[in-house]
Amino acid sequence: MLSDLIKRTGSLLAKVSSAPGNIKAAQKGHHGTNIKKGKKVIRKISEITGDTPQETFARRLGYLRSIDPLVFEELVLEAFQRDNYPIRRNHRYSGDGGLDGRVYMDSGWWAIQCKRYQGAVHKTHIEQFREDAIREGCIGGVFLHTGKTPKNGKQLSQGVTIISGSRLTDWLAGERKLR
């Protein structure tokens, strides 16, 4: 009973503390435009279908690989918000490197990294992301990408949850829970 109250209070505090950063980010030109585009993409992704589940996956993945990388970041943040996770947007885009945002889960802030890959994930990107997440005081990281996760991906990702493939496309389409 007490633990439920603490969790709810922590979640409420996270929502309140994340709101000002989201408002400031949304008011800025590029952020506002990319947030709007991300919201459109999140609606469109669920409309993309094929004759088979494999074809649906391939079409969705191809579409995600074609959108602007900053819109992909906003799309991911919108999906977390859609699922009632408090988020924190950055006040400016980090470019290549840095965190793309934060999400409040499991009683703490997790770093978010979004990558649109054509090929396989680079080990150095995951390692750098893990270091960035720790440096920023996050309890873990969520690395979302459109590429291929190597077979040793689990070993690469200690402290980092990797989301890719149909798990990513189905979640973004609202057809699957992330957790």
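Note that this is a predicted model, so its numbers are computed, not measured.

Conventions used here
- Residues numbered from 1 in each chain as written.
- Predicted model: local features only at pLDDT ≥ 70, side-chain atom pairs only at ≥ 80, totals over all residues.
- Heavy atoms only, no water.
- Helix = DSSP H or I, 4+ residues; strand = E, 2+ residues; numbered from the N terminus.
- Expected span 1.5 Å × (residues − 1).
- Buried < 20%, exposed > 50% of the residue type's maximum accessible area, 1.4 Å probe, protein only.
- Polar contact = N/O pair within 3.5 Å; in protein donor to acceptor, adjacent residues only side chain to side chain.
- Core = buried A, V, L, I, M, F, W, Y, C linked by side-chain atoms within 4.5 Å.
- Contact = heavy atoms within 4.5 Å.
- Phe/Tyr/Trp six-rings, centres within 6.5 Å; stacked < 30°, edge-to-face > 60°.
- Lys NZ or Arg CZ within 6 Å of the ring centre and 35° of its normal.
- Axes fitted to C-alpha atoms, helices over the stretch in contact; angles between N-to-C directions.
- Parallel < 35°, antiparallel > 145°, perpendicular 65-115°, else oblique.
- Nonpolar A, V, L, I, M, F, W, Y, C, P; charged D, E, K, R; others polar.
- Pairing = 2+ DSSP bridges.

Undergrad: Honestly, helix 4 (residues 69-82) in this entry has me stumped. Any pointers?
TA: Residues lying three or four places apart along an α-helix face the same way, a consequence of the helix completing one turn every 3.6 residues. The end-to-end C-alpha separation of helix 4 is 20 Å, in line with the 20 Å expected for 14 residues at 1.5 Å each. Of all 14 residues in helix 4, 10 are buried, a share of seventy percent or more. You can read the cap of helix 4 off the contacts: a side-chain oxygen lies 2.7 Å from the backbone nitrogen of Leu 70, and it is on Asp 68. Of the residues trailing helix 4, Asn 84 is marked for its positive phi of about 65°.

Undergrad: Whenever I open this one, the nonpolar core confuses me. Can you help?
TA: A general feature of soluble globular proteins is that nonpolar side chains tend to end up buried together. Counting residues in hydrophobic clusters, the biggest one holds 28 residues, and the most contacted among them are Phe 72, Phe 80, Leu 144, Trp 171 and Leu 172. Secondary-structure elements contributing two or more residues to this core are helix 2 (29-47), helix 3 (53-66), helix 4, strand 2 (101-105), strand 3 (108-115), strand 4 (140-145) and helix 7 (165-172). Here the element with the most residues in this core is helix 4; it accounts for 7 residues. Setting aside residues no more than four positions away along its own chain, Phe 80 makes contact with Tyr 85, Ile 87, Val 103, Met 105, Ile 112, Val 142, Leu 144, Trp 171 and Leu 178. By size, the runner-up hydrophobic cluster in this structure holds 11 residues, among which are Leu 99, Ile 126, Phe 129 and Ala 133.

Undergrad: Explain the packing of aromatic side chains to me, please; I cannot follow it from the model alone.
TA: Applying the stated rule across the entire model yields 4 aromatic pairs. Plain terms: the ring middles of Phe 80 and Tyr 85 are 6.0 Å apart, the flat faces sit at 80° to each other, and that makes the pair edge-to-face. Phe 80 sits in the buried class, given a relative accessible area of 0%. Ring pairs connect the aromatic residues Phe 80, Tyr 85 and Trp 171, which therefore count as one cluster. The ring of Trp 109 carries the charged tip of Arg 88 above its face, separated from the ring centre by 4.2 Å.

Undergrad: Whenever I open this one, the environment of Val 71 confuses me. Can you help?
TA: Mapped onto the secondary structure, Val 71 falls in helix 4. On the basis of relative accessible area, Val 71 is assigned to the buried category, the value being 4%. Along the sequence, Val 71 and Lys 40 sit 31 residues apart, while their C-alpha atoms lie 9.8 Å from each other.

Undergrad: Would you take a moment to explain the packing of helix 3 against helix 7 for this structure?
TA: Two numbers describe a pair of packed helices, the interaxial angle and the distance between the axes. Interhelical geometry of helix 3 versus helix 7 gives an angle of 80° and a closest axis separation of 10 Å. As the angle between them shows, helix 3 and helix 7 are arranged roughly perpendicular. Touching Phe 57, Arg 60, Leu 61 and Leu 64 of helix 3 are Gly 165, Ser 166, Leu 168, Thr 169, Asp 170 and Leu 172, all from helix 7. Its residues placed into classes, the contact of helix 3 with helix 7 shows 5 nonpolar, 3 polar and 2 charged.

Undergrad: I would appreciate a short explanation of the sheet that holds strand 2 in the present structure.
TA: By definition, the strands of a sheet pair up through backbone hydrogen bonds, in either a parallel or an antiparallel sense. Taking strand neighbours across the sheet as the criterion, the 5 strands line up as 1-2-3-4-5 in an open arrangement whose pairing is mixed. On the outer flanks of this sheet lie strand 1 (87-88) and strand 5 (160-163), each paired with one strand and no other. Judged from the 2 bridges that link them, strand 1 and strand 2 form a sheet pairing that is antiparallel. By the bridge assignment, Arg 88 is partnered in strand 2 with Arg 102. Sheet contacts for helix 4: strand 1, strand 2, strand 3 and strand 4; angle to strand 3, the most-contacted strand, approximately 145°.

Undergrad: What exactly am I supposed to notice about the packing of helix 4 against helix 7 here?
TA: Contact geometry of helix 4 with helix 7 gives a least axis separation of 10 Å together with a crossing angle of 65°. In terms of axis orientation, helix 4 runs roughly perpendicular to helix 7. Contacts between helix 4 and helix 7 involve Phe 72, Leu 75, Val 76, Ala 79, Phe 80 and Arg 82 from the former and Leu 168, Trp 171 and Leu 172 from the latter. Across the contact of helix 4 with helix 7, the residue classes tally to 8 nonpolar, no polar and 1 charged.

Undergrad: Is there a simple way to explain the environment of Asp 106 in this structure?
TA: Its location among the elements puts Asp 106 in the loop between strand 2 and strand 3. Taking the C-alpha atoms as reference points, Asp 106 and Ile 139, separated by 33 residues in sequence, lie 9.1 Å from one another. Excluding its chain neighbours within four sequence positions, the residues that come into contact with Asp 106 are Ile 139 and Arg 179.

Read these as spatial facts, not as claims about activity.
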